[in-house]
Amino acid sequence: QIMLLSDPEMESSILISSDEGATYQKYRLTFYIQSLLFHPKQEDWVLAYSLDQKLYSSMDFGRRWQLMHEHITPNRFYWSVAGLDKEADLVHMEVRTTDGYAHYLTCRIQECAETTRTGPFARSIDISSLVVQDEYIFIQVTTGGRASYYVSYRREAFAQIKLPKYSLPKDMHIISTDENQVFAAVQEWNQNDTYNLYISDIRGIYFTLAMENIKSSRGLMGNIIIELYEVAGIKGIFLANKKVDDQVKTYITYNKGRDWRLLQAPDVDLSGSPVHCLLPFCSLHLHLQISENPYSSGRISSKETAPGLVVATGNIGSELSYTDIGVFISSDGGNTWRQIFDEEYNVWFLDWGGALVAMKHTPLPVRHLWVSFDEGHSWDKYGFTSVPLFVDGALVEAGVETQIMTVFGHFSLRSEWQLVKVDYKSIFSWRCTKEDYQTWHLLNQGEPCVMGERKIFKKRKPGAQCALGRDYSGTVVSEPCVCADWDFECDYGYERHGESQCVPAFWYNPASPSKDCSLGQSYLNSTGYRRIVSNNCTDGLREKYTAKAQMCPGKAPRGLHVVTTDGRLVAEQGHNATFIILMEEGDLQRTNIQLDFGDGIAVSYANFSPVEDGIKHVYKSAGIFQVTAYAENNLGSDTAVLFLHVVCPVEHVHLRVPFVAIRNKEVNISAVVWPSQLGTLTYFWWFGNSTKPLITLESSISFTFPAEGSNTITVQVAAGNALIQDTKDIVVHEYFQSQLLSFSPNLDYHNPDIPEWRQDIGNVIKKALVKVTSVPEDQILVAVFPGLPTSAELFILPPKNLTERRKGNEEDLEQVVETVFNALNQNLVQFELKPGVQVVVYVTQLTLAPLVDSSAGHSSSAMLMLLSVVFVGLAVFLIYKFKRKIPWINIYAQVQHDKEQEMIGSVNQSENAPKITLSDFTEPEELLDKELDTRVIGGIATIANSESTKEIPNCTSV
């Protein structure tokens with residue numbers, strides 16, 4: 001079967017052939033495919049990842065597709081593994097969430113609804129951290145800036161990976177999970193371009209160091225490439241490029257990283273001349289990057305079906321070089337090497353490695369390829385196209401009996417792509433018989449025991465152009481060896497000293513049993529050694545180095561921790577906060593645990609066992625809560641504390657700022673947050689062009705502006721993960737005058753009470769004033785207040801750059817004020833809100849509106865005005881105290897300043913109310929014994945009593 005993807009710039013479709021490309025059928029898609037993942041067993045099952053991060057599945061080789069999930073991390077979806085997952089159509093996937101985290105989910109391809117998805121790991125995980133490989137599943141969780149790694153072996157519960165205590169990893173990559181062991185590359189805190197290689201026990205939990213400072217590089221897509229290569233076909237053989245004193249050298253191991261050595265260079269070069277290369281000063285170095293292009297053989301290649309055969313690009317010398325390179329081959333698993341090309345070639349394996357196909361790695365067009373039947377000793381040249389072809393790649397079918405290669409490329413830069421199928425069946429003249437094979441022994445520098453056994457392999461004799469059958473097996477003999485020192489590596493917590501001795505690291509206490517060890521049970525006490533995983537040696541030192549069973553001692557609780565499942569110290573009010581209790585040491589089954597949530601509620605557990613899903617609790621109020629965990633058994637106790645911030649989602653913030661301020665006078669600024677009960681908030685304030693904010697826990701701040709001009713004030717409010725802001729402008733002057741404005745009642749009907757509308761109305765009023773009075777536009781500022789009835793404040797500002805002549809300018813300003821007030825009093829300031837709706841602007845007169853504006857406006861300005869007229873109120877009270885008869889009095893508290901004038905705040909006004917004077921009330925003698933109420937309304941001070949208001953139309957009690 002063949003599947004071709006269309007050019008996404010042209011259309012979204014696939015072409016499917018079921019007859020080796022003789023015919024194709026086209027199927028249109030509703031999404032654009034970025035990558036495909038075929039099932040390892042079911043050839044018709046396919047997963048498709050789209051450009052918009054959605055995952056689709058097909059069970060009929062792409063003819064029909066079904067959406068599985070809409071938010072999948074790129075390259076983080078995996079098919080089930082046979083023998084481990086219960087269902088063959090199960091898919092493991094990493095799902096992105098809107099809060100910037102990810103979750104590990106599984107579901108079946110035909111049953112992937114919200115209700116059928118399961119989460120094997122309850123907590124959120126780091127993005128792009130899910131790895132499903134063989135028996136293992138790996139995830140990463142970062143808490144407090146430090147990453148923790150978890151592993152599930154054979155789909156068991158996740159356990160935290162244990163690296164040496166002070167490795168402190170910055171990055172970690174899983175290199176190999178073959179043969180029930182994990183190879184992991186870890187970049188530690190003091191490394192930049194190198195990684196350390198660690199190997200695990202069978203369960204993938206406890207890791208020990210295998211090699212330091214392995215070279216790393218960046219791939220074409222920015223991905224990390226670790227220069228470590230596992231030789232296929234023979235277990236235990238790895239190649240690594242290690243950085244030694246700023247030189248990169250290639251090393252090989254035959255026992256999974258316990259021992260390493262340099263590669264011996266070939267005895268002769270390609271021309272047959274002797275090579276003078278003496279270890280350790282000179283050796284063979286190989287490029288170990290696996291090709292990121294699946295249609296290229298890469299710089300190193302080996303096959304499971306061709307054990308012992310390794311082809312790689314490299315050089316001979318003191319270090320790895322990118323010049324003067326050639327192609328080298330080993331027929332015995334890396335023990336000895338020969339050079340086969342003095343330029344770079346791509347080499348592919350055919351028919352169990354019985355034939356090699358080579359094509360020159362060049363940007364120029366080629367017509368020929370080379371075939372060898374004697375492991376590169378000799379090559380035959382074949383033409384595969386009559387016209388030279390720019391080769392973009394070649395695809396060799398994955399089957400072990402492969403005798404067909406598909407080469408694709410183009411004849412010119414503008415031509416269509418060409419596919420050339422090269423069939424090699426005709427050059428395999430007969431089916432191999434017993435006489436066509438020979439045997440070879442796997443050796444490690446002459447030592448026949450490798451990974452605890454002697455192995456003898458068979459392969460075709462050089463030059464035998466026969467085809468291997470399906471019953472071919474490369475291994476002939478496999479015998480176990482007696483266990484020696486090199487069959488054991490240091491156990492977790494131990495370090496190698498000398499050739500064979502393993503001693504405890506300074507941070508490790510070998511007498512401390514596992515934290516899972518309970519009183520009455522037994523545990524395996526390590527001798528400091530563990531047999532290398534997959535090593536088959538017997539007897540010898542095996543008994544000496546095997547861990548011994550011992551009874552578990554009772555232990556008091558120690559190392560108690562309480563954490564949230566997502567690692568964050570913030571939870572939302574009304575939502576589940578999930579806690580996990582961890583304990584480094586202690587008999588869990590005989591320990592009582594109490595968890596106090598800090599809000600008056602606590603839970604207790606007898607014979608505590610870790611709850612995988614965590615302990616859930618819902619906080620009904622916002623605030624900071626002290627969460628306390630207490631563990632106790634008959635040997636002792638331990639306590640852990642966590643301070644949890646419970647917040648309510650911030651919806652809106654309104655910045656209260658006066659429109660105009662006086663230079664060098666302190667201004668009070670506040671922020672109002674909705675909803676009001678949010679717990680602890682953090683406020684960030686920016687003034688003018690400042691790039692560094694002032695940070696407070698209070699919702700108000702005082703600030704002094706040192707210079708005149710327009711300034712921007714911004715506040716940001718942080719509550720948990722939420723961050724909102726508001727911005728206002730303030731004008732700063734040496735002095736100014738202001739007046740409250742009101743409008744004809746028809747404006748209220750059209751007032752939606754939103755900031756944009758108020759700003760537009762202010763600009764309209766400003767234009768109307770400028771038009772009527774001819775006052776310069778920069779001397780007028782109009783601010784419309786929130787709320788109903790609609791009101792505004794008019795600011796008359798001094799001319800720019802004239803503050804040096806302060807007194808004269810004040811007189812000029814008085815003339816401007818008089819001009820504006822005359823226009824307002826004569827009802828000359830009007831504007832058309834919409835056709836047929838004419839709005840008149842008035843100077844606000846005395847009304848019975850309340851003194852303090854309850855809207856988000858200028859209550860501080862109103863208080864300033866109240867203070868400025870309190871003396872007037874006291875004077876009026878003294879007049880009545882001494883019973884002085886005054887027919888009527890209008891007391892106007894008109895604020896005038898000899899030096900500086902403060903801004904007058906806003907009040908809610910009501911139009912068309914009658915003017916009230918003292919003559920409208922009862923005689924002063926009747927007021928003396930009653931509680932007086934002194935208020936300032938619209939700039940007029942009045943003294944009145946709620947019980948002595950005269951009968952006046954439309955008059956209400958003050």
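Look a little higher up for the structure.
Notes on the structure in this doc start here. (Residues numbered from 1 in each chain as written. Predicted model: local features only at pLDDT ≥ 70, side-chain atom pairs only at ≥ 80, totals over all residues. Heavy atoms only, no water.)

## A short note on the overall build of the chain
Looking only at helices and strands, one finds 6 helices and 70 strands in the chain. Per-residue burial over the chain gives 48% buried out of 958 residues. (Helix = DSSP H or I, 4+ residues; strand = E, 2+ residues; numbered from the N terminus. Buried < 20%, exposed > 50% of the residue type's maximum accessible area, 1.4 Å probe, protein only.)

## Here's the deal with the pattern of salt bridges
For the coordinates displayed, the defined rule picks out 23 salt bridges. Close ionic contact of Arg108 with Asp89 constitutes a salt bridge, the shortest N to O distance being 2.9 Å. Note that Arg108 is positioned in strand E10 (residues 102–108) and Asp89 in the loop between strand E8 (72–79) and strand E9 (90–96), a separation of 19 residues in sequence. The closest approach of N and O atoms between Glu156 and Arg203, which form a salt bridge, is 3.7 Å. Of this pair, Glu156 sits in the loop between strand E13 (146–153) and strand E14 (159–160) while Arg203 sits in the loop between strand E17 (194–200) and strand E18 (207–218), and the two are 47 residues apart along the sequence. Connected through shared salt-bridge partners, Glu11, Lys26 and Arg28 make up one network. (Salt bridge = Lys/Arg side-chain N within 4 Å of Asp/Glu carboxyl O.)

## Focus on the state of the cysteines
Under the criterion given, the structure shown has 6 disulfides. Disulfide pairing places Cys107 opposite Cys112 at an S-S distance of 1.9 Å. The S-S bond linking Cys107 to Cys112 shows a torsion near -70 degrees; that makes this disulfide left-handed. Each sulfur of the disulfide joining Cys490 and Cys502 lies 2.0 Å from the other. Residues Cys490 and Cys502 are joined through a disulfide that is left-handed, its torsion about the S-S bond being -85 degrees. Residue Cys490 is found in strand E42 (residues 488–490), and its partner Cys502 is found in strand E44 (residues 501–504); the two are separated by 12 residues along the sequence. Residue class for Cys502 comes out buried when judged on its relative accessible area of 9%. (Disulfide = S-S within 2.5 Å.)

## A closer look at the sheet that holds E14
An order of E11-E12-E13-E14 is seen for the 4 strands of this open sheet, with the pairing classed as antiparallel. In this open sheet, the two edge strands, each paired with only one partner strand, are strand E11 (131–133) and E14. Strand direction decides the pairing type here: strand E12 (residues 136–143) and E13, joined by 8 bridges, are antiparallel. Residue pairing in the sheet places Ile137 in a bridge with Ser152 of E13. (Pairing = 2+ DSSP bridges.)

## Section: a nonpolar patch on the surface
A cluster of nonpolar side chains, Tyr166, Leu168, Trp189 and Phe506, forms an exposed patch at the surface whose accessible area comes to about 510 Å². Accessibility expressed as a relative area gives 30% for Leu168, which makes it partly exposed. (Patch = residues over 30% accessible without salt bridge, like charges linked within 9 Å, V, L, I, M, F, W, Y side chains within 5 Å. Areas by Shrake-Rupley, 256 points an atom, 1.4 Å probe, with all protein chains shown as cover.)

## Some details on the packing of aromatic side chains
Tallied over the entire structure, the rule returns 33 aromatic pairs. On the basis of an interplanar angle of 20 degrees and a centroid distance of 4.0 Å, the ring pair of Tyr529 and Tyr545 is categorised as stacked. On the criterion of sequence distance, the pair formed by Tyr529 in strand E46 (residues 529–531) and Tyr545 in helix H1 (residues 542–545) is long-range, its members being 16 residues apart. Note on accessibility: Tyr529 and Tyr545 belong to one class, buried. Joined through ring pairs, the aromatic side chains of Tyr206, Tyr492, Tyr494, Trp507 and Tyr508 make up one cluster. The ring of Tyr437 has Lys458 lying over it, and the distance from NZ or CZ to the ring centre is 4.7 Å. (Phe/Tyr/Trp six-rings, centres within 6.5 Å; stacked < 30°, edge-to-face > 60°. Lys NZ or Arg CZ within 6 Å of the ring centre and 35° of its normal.)

## Remarks on empty space enclosed by the protein
Per the stated rule, a full pass over the model turns up 7 cavities of 30 Å³ or more. Size it by volume and the largest cavity reaches roughly 190 Å³. Lining the largest cavity are 18 residues, with Trp352, Gly353, Glu375, Lys459 and Arg460 positioned closest to its centre. Among the elements that take part in the lining of the largest cavity, strand E39 (residues 453–460) stands out by supplying 3 residues, more than any other. Its residues assigned to classes, the lining of the largest cavity comprises 9 nonpolar, 4 polar and 5 charged. (1 Å grid on protein atoms, 1.4 Å probe; cavity = no way out; pocket = protein on both sides within 12 Å on 5 of 7 lines; lining within 4 Å. Points joined across faces, edges and corners; volume = space filled by probe spheres on them. Nonpolar A, V, L, I, M, F, W, Y, C, P; charged D, E, K, R; others polar.)

## Considering the sheet that holds strand E59 (residues 682–687)
The strand order across the open sheet built from 5 strands is E57-E63-E62-E59-E60, with neighbouring strands paired in mixed fashion. Each of the sheet's edge strands pairs with one partner strand only, and the pair in question is strand E57 (660–662) and strand E60 (694–696). Adjacent strand axes in the sheet meet at a mean angle of 30 degrees when their direction is disregarded. Bridge analysis of E59 against strand E62 (residues 709–719) gives 6 bridges, and the strand direction is antiparallel. Opposite Trp686, over in E62, you have Thr714 as the bridge partner. (Axes fitted to C-alpha atoms, helices over the stretch in contact; angles between N-to-C directions.)

## As for the pairing of strand E31 (residues 368–372)
For strand E30 (residues 355–360) and E31, the ladder comprises 3 bridges, and the chain directions are antiparallel. If you follow Val357 over to E31, its bridge partner there is Val371. With 4 bridges connecting them, E31 and strand E32 (residues 380–383) associate as antiparallel partners. The residue of E32 that forms the bridge with Trp370 is Lys381.

## Focus: the environment of Ala312
Topologically, Ala312 is positioned in strand E26 (residues 310–317). In this structure, the C-alpha to C-alpha distance between Ala312 and Ser301, residues 11 residues apart in sequence, is 6.4 Å. With residues up to four places along the chain from it excluded, the contact list for Ala312 reads Leu286, Arg299, Ile300, Gly326, Val327 and Phe328. (Contact = heavy atoms within 4.5 Å.)

## Quick notes on helix H3 (residues 755–773)
Residue pairs three or four apart in sequence face the same way in an α-helix, which turns once every 3.6 residues. With 19 residues, H3 ought to run about 27 Å at 1.5 Å a step, and its terminal C-alpha atoms sit 27 Å apart, in line with that. Turning to H3, its buried residues number three or more, namely Trp757, Arg758, Ile761, Gly762, Ile765, Lys766, Ala768, Leu769 and Thr773. Note on H3: the residue one or two positions beyond its end, Ser774, has a positive phi of about 65 degrees. (Expected span 1.5 Å × (residues − 1).)

Taken by themselves, the reported measurements are silent on function.
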